[in-house]
Amino acid sequence: MKVLVATDKPFAKVAVDGIRKEIEAAGFELALLEKYGEKAKLLEAVKDANALIIRSDVIDAEVFDAAKELKIVVRAGAGYDNVDLAAATAHGVCVMNTPGQNSNAVAELVFGLLVYAVRNFFNGTSGTELKGKKLGIHAFGNVGRNVARIAKGFGMEIYAFDAYCPKNVIEEAGVKAVDSVEELYKTCDVVSLHIPATAETKNSINYALVNLMPKGAILVNTARKEVINEAELIKLMEERADLKYITDIMPVANEEFATKFAGRYFSTPKKMGAQTAEANINAGIAAAKQIVGFFKDGCEKFRVNK
Ligand SMILES: NC(=O)c1ccc[n+]([C@@H]2O[C@H](COP(=O)([O-])OP(=O)(O)OC[C@H]3O[C@@H](n4cnc5c(N)ncnc54)[C@H](O)[C@@H]3O)[C@@H](O)[C@H]2O)c1
């Protein structure tokens, strides 16, 4: 059984060591394709792989066509919008993610970004504090829950909206569950995005919604760039000089944001949310264990395609 780790942006070495240990202990073989750059190298490497571990690598129909022996792809991480699920299903391949493994890393980054923003990007001027401010958590999944836990330590008032998570689950975590997404934005000084990129959420963070936020509001995005309607957010920020946008996912219009909104816009140069040794190790090892469980016990927990 050949397990290929194909990562254009490689795992930390310690994570690869952990993956290797799990795979070899099961009697499987591990192959490594890192920083491959061109897709042709990926297409060549997947030819005889039975299982694939990836990160943000794009796995489309062409990859599935080339990977004749492939039975399972595990995205070491939460979002799996980089995998063509319909093509996977058509080729009889199981796709999984490793939910929850990098949530704390992303949640900690939210607060790194927020402190940076409320202290005016460390420009030497006097900023504000997070304590006592109203935080809106837009989607109460794995990352959202960790954000709530940390926000308590900051002394923030915490609100959340999730279209699918029952209100009582949110309330049991000590968070006020609001009835609508509009109420969340109307109420909160800071909104932190934790929705996945789906047909329903793409472009949904638009002029009308963000304009509901009170004066001096901050929108923080560690979710996906696709959920933002960039043209409308730019228009709104031109009209409202009080708004700040900070993001871990560089917008397509990064240059325009950076030029027009100096002092109230920041993007990490590369997606940093899950870039910790701990998240790397957790997600990588979870992916390896899921592959072993799939082949040895037929376990399909965390399968995301039909
Ligand atoms: N910056 C990074 O490096 C990084 C790392 C991990 C995850 N992420 C992104 O963060 C986001 C959240 O990840 P997660 O692990 O918490 O995912 P998750 O699946 O645990 O949670 C997502 C939540 O969104 C809710 N949801 C789905 N559609 C919704 C809608 N239309 N309106 C409101 N709520 C909706 C779901 O009910 C669920 O509770 C994803 O977009 C993921 O891709 C980014």
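Before reading on, note that the structure itself is shown above.
Just so you know, these numbers come straight off a predicted model, no measurement behind them. (Residues numbered from 1 in each chain as written. Predicted model: local features only at pLDDT ≥ 70, side-chain atom pairs only at ≥ 80, totals over all residues. Heavy atoms only, no water.)

**Description of the site of the ligand**
Taken together, 24 residues are adjacent to the ligand, and N142, V143, D162, I195 and D248 come closest. Within the backbone of A163, a nitrogen or oxygen atom sits 3.3 Å from a nitrogen atom of the ligand. In the environment of the ligand, an oxygen atom lies 3.2 Å from a nitrogen or oxygen atom belonging to the side chain of R224. In isolation the ligand exposes 860 Å². Once the protein is present, 86% of that is buried. (Near = heavy atom within 4 Å. Polar contact = N/O pair within 3.5 Å; in protein donor to acceptor, adjacent residues only side chain to side chain. Areas by Shrake-Rupley, 256 points an atom, 1.4 Å probe, with all protein chains shown as cover.)

**Some thoughts on the pairing of strand β1 (residues 2-7)**
Each regular strand shows side chains that alternate between the opposite faces of the sheet. Most of β1 sits out of view: six of its six residues are buried. Burial of β1 is two-sided: the residues K2, L4 and A6 facing one way and the residues V3, V5 and T7 facing the other way are all buried. Relative to strand β2 (residues 29-34), β1 runs parallel, the two sharing six bridges. Paired with L4 across the bridge in β2 is A31. After leaving β1, the chain enters helix α1 (residues 13-25) and then returns to the sheet as β2, a path that is right-handed. Looking at chain direction, β1 and strand β3 (residues 51-54) are connected through four bridges and run parallel. Residue pairing across strands places L4 opposite L52, the latter belonging to β3. (Buried < 20%, exposed > 50% of the residue type's maximum accessible area, 1.4 Å probe, protein only. Helix = DSSP H or I, 4+ residues; strand = E, 2+ residues; numbered from the N terminus. Pairing = 2+ DSSP bridges. Right-handed = clockwise from strand over helix to strand, strands pointing away.)

**Some details on the pairing of strand β11 (residues 244-247)**
Neither face of β11 is left uncovered, since the one carrying K244 and I246 and the one carrying Y245 and T247 both have all their residues buried. Following the chain from strand β10 (residues 218-221) across helix α10 (residues 230-239) to the adjacent parallel β11, one finds a crossover that is right-handed. The sheet contact formed by β11 and strand β12 (residues 265-267) spans three bridges and is parallel. Its bridge partner lying in β12, I246 is registered against F266.

**Focus: the packing of α1 against helix α12 (residues 277-297)**
Across the interface, α1 lies against α12 with an axial gap of 8 Å and an inter-helix angle of 15°. Looking at the two axes, α1 sits roughly parallel to α12. In the crossing of α1 with α12, the sense of the turn from one axis to the other is right-handed. Of the residues in α12, those touching α1 at V14, A15, G18, I19, E22 and I23 are N280, I281, G284, I285, A288, K289 and V292. Split by residue class, the contact of α1 with α12 holds eight nonpolar, three polar and two charged. (Axes fitted to C-alpha atoms, helices over the stretch in contact; angles between N-to-C directions. Parallel < 35°, antiparallel > 145°, perpendicular 65-115°, else oblique. Left-handed = near helix turned anticlockwise from the far one by under 90°. Contact = heavy atoms within 4.5 Å. Nonpolar A, V, L, I, M, F, W, Y, C, P; charged D, E, K, R; others polar.)

**Here we look at the sheet that holds strand β8 (residues 176-177)**
Spatially, β8-β7-β6-β9-β10-β11-β12 is the arrangement adopted by the seven strands of the open sheet, whose pairing is parallel. The open sheet has two edge strands, β8 and β12, and neither has a second partner. For β10 and β11, the ladder comprises four bridges, and the chain directions are parallel. Within the sheet, the bridge partner assigned to V220 lies in β11 and is I246. Set on the sheet, helix α6 (residues 142-154) makes contact with β6 (134-138) and β7 (157-161); between it and β6 the angle comes to about 165°.

**Examining the packing of aromatic side chains**
This model, assessed by the stated rule, comprises eleven aromatic pairs. Taken together, a centroid distance of 5.0 Å and an interplanar angle of 75° make the contact between Y116 and F121 edge-to-face. Taking relative accessible area as the criterion, F121 reaches 15% and is therefore assigned buried. Here the aromatic cluster, defined as three or more aromatic residues joined through ring pairs, consists of Y116, F121, F122 and F266. (Phe/Tyr/Trp six-rings, centres within 6.5 Å; stacked < 30°, edge-to-face > 60°.)

**Regarding the nonpolar core**
Y185, L193, I205, L219 and F257 are the most contacted members of the largest nonpolar core, which totals 31 residues. Every element with two or more residues in this core is listed here: β7, α8 (181-187), β9 (190-193), α9 (207-210) and α10. Per-element tally for this core: the top contributor is α10, with four residues. For L193, the residues in contact, after removing those within four places along its chain, are H138, Y185, I205, L219, V220, N221, T222, A223, V227 and I228. (Core = buried A, V, L, I, M, F, W, Y, C linked by side-chain atoms within 4.5 Å.)

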